[in-house]
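Close look at the chain arrangement
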Amino acid sequence: MPNSQLGKPVYRFAPSPNGFLHLGHALSAFLNHDMAGAARGRLLLRIEDIDLSRCTPEFEQMIYHDLRWLGLDWETPVRRQSEHFDAYRDALDRLREMGLVYPAFLTRGEVKAQVADHEASGTAWPRDPDGSPLYPDTDRERRETERATLIARGVKHAWRLDVGKAMASSGKPLSWQETGSGLSERITAEPAIWGDVVLSRSDAPSSYHLSVVVDDALQGITHVVRGQDLYAATAIHRLLQELLGLPEPAYHHHGLILGHDGRKLSKSEGSTGISALRNEGLRPDDIRRLVGL
Ligand code: GLU
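So, here is what we can say about the structure in this document. The shown structure was predicted, so the numbers you read here are calculated from the model rather than taken from an experiment.

If you trace the backbone, Val10 turns up in strand E1 (residues 10-13). Each C-alpha atom of the pair Val10 and Arg40 lies 9.3 Å from the other, and the pair is 30 residues apart in sequence. If we skip the residues at most four places from it in the chain, Val10 touches Arg42, Leu44, Gln219, Gly220, Ile221, Thr222 and His223.

Shown next, in the form of structure tokens:
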């Protein structure tokens, strides 16, 4: 990096190439671009393609194409997460050495059955902010010898963060700086609401949470601007940053663009796709207006 870039604020837009960009992405990308510009900062693009089963080179090419058409510019080379699994593995190894992660063997079906069993007795199973049931205690409570036997037997497993132990080991209340509401406020982070999150799966060597904090630190990101749907996840990111000794960026979670049904846009929603709108004859300025900028 040239000296002239040192000390500048660094922003990033970090889409996943598992579908077409839609208006929600356009809002995020424009905001990152505008805020970086206003702060005389840098704008990076990061391709979050750790889910090898859903991300494709075609969607990745469409991201570059759509963003260029919108008039955005970014530094190269672009960081592609699929090329850096070893960096995420190193971070996981460090957490493993600290005794803060454990192998999780329960299949989706087994978790579902435990939850259903429990709920049949009339008490609700606790759920995370996205509505998914928290992971049961079973694997956290297994003895080391039993874990070793299961692993030696080749039983598939993920690695999960022991959130309770991790909070205790970080030793202090966590929070983050947030400007999404228009004010600059300190928000209390409550990672325990997510339960023991997955940090790596048997079929994907890293998770979104782990790779995002490793990359934000590695790329020197000072400002994370992204959708409100990731607001609650920031608690986990702050916890991982503390555990791994990584710097804390400032956060700005912007409002979501909702579909006609009032729900968050999905990548399959053709009518709000950037390429579909372009094909209808809309111009980048029209897109800006459509997302309220
Ligand atoms: N890759 C994530 C997404 O496409 C965004 C991650 C982030 O901005 O932290 O939703």
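With respect to the helices, strands and loops of the structure, Thr272 is situated in the loop between strand E10 (250-254) and helix H9 (274-279). Residue Thr272 is classed as buried on the basis of its relative accessible area of 13%. Ignoring any residue separated from it by four or fewer positions in sequence, one finds Thr272 in contact with Leu21, His22, Leu23, Leu265 and Leu277.

Take helix H8 (residues 234-244) next. In terms of burial, H8 is largely enclosed, as 10 of its 11 residues are buried. What H8 keeps buried is the set Thr234, Ala235, Ile236, His237, Arg238, Leu239, Leu240, Gln241, Leu243 and Leu244. Downstream of H8 by a residue or two, Gly245 has a phi angle that is positive, lying close to 65 degrees.

Scoring rules and cut-offs
Residues numbered from 1 in each chain as written. Predicted model: local features only at pLDDT ≥ 70, side-chain atom pairs only at ≥ 80, totals over all residues. Heavy atoms only, no water. Helix = DSSP H or I, 4+ residues; strand = E, 2+ residues; numbered from the N terminus. Contact = heavy atoms within 4.5 Å. Buried < 20%, exposed > 50% of the residue type's maximum accessible area, 1.4 Å probe, protein only.

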